[in-house]
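These are the residues of each chain, in order.
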Amino acid sequence: MTDMMSKAATMEIPINSNGDTRTMAEDDGLEQVGSDLQQVMVSGPNLNETSIVSGGYGGPAEGIIPTSSIQGPAVQYNADFTKWTPVAGLGSSSSASMADEKNRGVAVEKLENMKKWGLNTYKCTKQMISERFGRGSRTVDLELEAQIEVLRDTRGKYENVLRLARALTNHFYNMVQTQHALGDTFADLSQKSPELRDEFGYNAETQKLLCKNGETLLGAVNFFVSSINTLVNKTMEDTLMTIKMYESARLEFDAYRSDLEELSAGPRDAAALARMDAAQQQYQVQKEKYERLRSDVTIKLKFLEENKVKVMHKQLLLFHNAISAYFAGNQQQLEQTLKQFNVKLRPPGADKPSWLEEQ
């Protein structure tokens with residue numbers, strides 16, 4: 001063994017002319033192996049079809065992970081494996097198909113909604129025409145219909161009160177401004193006319209007092225107008241909107257009820273029974289909606305009546321006491337009325353009532 005190691009240590013290593021330790025035959029052999037390896041890698045199996053083995057050599061088959069399941073950008077290698085370029089259009093095909101499927105689902109849903117809306121509109125229009133020409137029947141709640149008519153008539157009258165109260169406020173405001181200007185003129189003339197100083201002075205003081213009381217009355221009337229406006233254009237309007245929804249639900253309910261009655265009077269084959277079941281379901285849905293809105297209207301009418309009585313009792317008392325105290329010349333009673341109803345006057349520098357600024 002020692003002789004073999006000594007011989008190996010003293011073996012000569014030939015060196016070619018380029019200083020390389022390989023021989024010419026070895027160089028030719030290596031070049032051939034390199035070209036064969038390059039050819040095998042270019043025309044070899046698809047890398048996506050290979051597998052990655054989890055674990056050591058000879059492990060169980062459960063540890064094999066197909067590389068085709070690993071998502072990544074599709075690439076294309078050059079022949080010399082020095083450069084690669086991504087292949088466009090291969091990795092985004094699945095996402096494009098998913099987007100197309102989503103858009104198709106949205107379009108189908110919109111089409112179905114439009115179809116349902118068109119069918120519902122047709123049935124409601126048919127029912128409305130039938131009722132108008134006396135050929136169709138309609139569901140009537142006599143007590144509720146009477147209350148709705150009373151509300152509509154009451155609202156019309158309250159709108160007239162609101163219009164007249166606004167006109168009164170506007171005219172009275174102009175009168176107060178005229179009294180204020182007249183008092184200033186009298187006061188100026190009292191300074192420039194010594195022979196009539198007392199007379200102009202008395203009238204100037206009177207106009208200023210009337211102007212002050214008029215501004216106080218204007219605050220009370222303005223508060224009255226604001227409260228009536230809230231009652232008419234917010235509280236009553238909200239109830240009337242619910243009534244419109246109730247009337248629309250009543251029309252839809254009668255339309256589907258008439259449709260169900262027509263199907264019930266027709267033949268009883270398989271197709272007719274299927275349509276009858278669908279019509280029965282729609283009828284139940286519309287019936288529940290109609291009854292729910294009828295209950296809402298009944299409750300709102302009750303609360304509206306209670307609120308109307310409460311608000312108008314306070315506002316009419318305010319209006320009466322303020323007007324009476326003003327024309328009686330009772331300034332103390334006029335101011336006491338505003339304090340009683342928590343009416344706050346505008347600052348002295350304000351020109352017009354707040355409700356005019358909102359017009």
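Residues numbered from 1 in each chain as written. Predicted model: local features only at pLDDT ≥ 70, side-chain atom pairs only at ≥ 80, totals over all residues. Heavy atoms only, no water.

In the nomenclature of an unreviewed UniProt entry, the chain is known as ADP-ribosylation factor interacting protein 2b of Takifugu rubripes.

Draft legend 1. Local environment of the overall build of the chain. Helix and strand counts for the chain come out as eight helices and four strands. Each helix and strand of the chain, placed in order from N terminus to C terminus, yields the pattern α-α-β-β-β-β-α-α-α-α-α-α. By residue count, 25% of the 359 residues in the chain fall in the buried class. A separation of at least 24 residues holds for 70% of the contacts in the chain among residues at least 6 apart in sequence. Approximately 25600 Å² of the chain is accessible, and the part contributed by carbon and sulfur atoms is 57%. (Helix = DSSP H or I, 4+ residues; strand = E, 2+ residues; numbered from the N terminus. Buried < 20%, exposed > 50% of the residue type's maximum accessible area, 1.4 Å probe, protein only. Contact = heavy atoms within 4.5 Å. Areas by Shrake-Rupley, 256 points an atom, 1.4 Å probe, with all protein chains shown as cover.)

Draft legend 2. Helix H5 (residues 197-264), seen in detail. Across its 68 residues, H5 extends 97 Å between first and last C-alpha, which sits within 8% of the 100 Å expected from 1.5 Å per residue. The largest bend along H5 reaches roughly 35° and is located at Glu237. (Expected span 1.5 Å × (residues − 1). Bend = angle between axes of the 7 residues up to and from the residue.)

Draft legend 3. Layout of helix H7 (residues 331-340). Within the sequence span of H7, burial applies to Leu334, Thr337 and Leu338. The buried residues of H7 occupy one face: seen down the axis, they fall within an arc of 95°. The exposed set on the far side of H7, more than 90 degrees from its buried face, consists of Gln332 and Lys339. The secondary structure elements touched by the buried residues of H7 are H5 and helix H6 (270-327). Two residues or fewer after H7 comes Asn342, characterised by a positive phi angle close to 55°. (Arc of directions from axis to C-beta.)

Draft legend 4. Here's a closer look at unusual backbone geometry. Non-glycine residue Asn342 carries a positive phi angle of around 55°. Here Asn342 is to be found in the loop between H7 and helix H8 (354-357).

Draft legend 5. Local environment of the nonpolar core. Residues Ile148, Leu151, Ile243, Tyr246, Val297 and Leu301 are the most contacted members of the largest nonpolar core, which totals 44 residues. With 18 residues, the single largest contributor to this core is H5. The contacts of Val297, once residues within four sequence positions are left out, are Leu144, Ile148, Thr242, Ile243 and Tyr246. (Core = buried A, V, L, I, M, F, W, Y, C linked by side-chain atoms within 4.5 Å.)

Draft legend 6. Summary view of the packing of H6 against H7. Across the interface, H6 lies against H7 with an axial gap of 8 Å and an inter-helix angle of 160°. Judged on the interaxial angle alone, H7 and H6 are roughly antiparallel. Handedness of the crossing formed by H6 with H7: left-handed. Note on element contacts: H7 touches H6 through Gln333, Leu334 and Thr337, opposite Leu318, Asn321, Ala322, Ala325 and Tyr326. Taken together, the residues of the contact of H6 with H7 break down into five nonpolar, three polar and no charged. (Axes fitted to C-alpha atoms, helices over the stretch in contact; angles between N-to-C directions. Parallel < 35°, antiparallel > 145°, perpendicular 65-115°, else oblique. Left-handed = near helix turned anticlockwise from the far one by under 90°. Nonpolar A, V, L, I, M, F, W, Y, C, P; charged D, E, K, R; others polar.)

Draft legend 7. Region of interest: the side chain of Ser227. Within the element layout of this structure, Ser227 appears in helix H5. You can call Ser227 buried: its relative accessible area is 15%. In terms of polar contacts, Ser227 uses its side chain to reach the side chain of Gln315, at 3.1 Å. (Polar contact = N/O pair within 3.5 Å; in protein donor to acceptor, adjacent residues only side chain to side chain.)

Draft legend 8. Looking closely at the packing of aromatic side chains. Applying the stated rule across the entire model yields seven aromatic pairs. Taken together through their ring pairs, the aromatic side chains of Tyr246, Phe253, Tyr283 and Tyr290 make up a single cluster. (Phe/Tyr/Trp six-rings, centres within 6.5 Å; stacked < 30°, edge-to-face > 60°.)

Draft legend 9. Fine view of the confidence of the model for the chain. Overall, the prediction assigns the chain a mean pLDDT of 76, with 70% of residues at 70 or greater. Here residues 1-27 is modelled with pLDDT under 50, and outside its nearest four sequence neighbours on either side it reaches nine contacts, counting other chains as well. Note on residues 40-75: pLDDT under 50 across the span, and 28 contacts to partners over four residues away in sequence or across chains. (pLDDT = per-residue confidence, 0-100.)

Draft legend 10. Focus on the pattern of salt bridges. Taken as a whole and judged by the stated rule, the model has 12 salt bridges. With a shortest N-O distance of 3.5 Å, Lys289 and Glu252 are connected by a salt bridge. Residue Lys289 is located in helix H6, and its partner Glu252 is located in helix H5; the two are separated by 37 residues in the primary sequence. In this structure Lys289 comes out as partly exposed when scored by relative accessible area, which is 31%. For Glu252, a relative accessible area of 12% gives the class buried. (Salt bridge = Lys/Arg side-chain N within 4 Å of Asp/Glu carboxyl O.)

Draft legend 11. Structural detail: the packing of H5 against H6. Running from amino to carboxyl end, H5 crosses H6 at an angle of 165°, the nearest separation of the two axes being 8 Å. On the basis of their axis angle, the class for H5 and H6 is roughly antiparallel. As H5 packs across H6, the resulting crossing turns out to be left-handed. Considered class by class, the residues forming the contact of H5 with H6 number 32 nonpolar, 12 polar and 12 charged.

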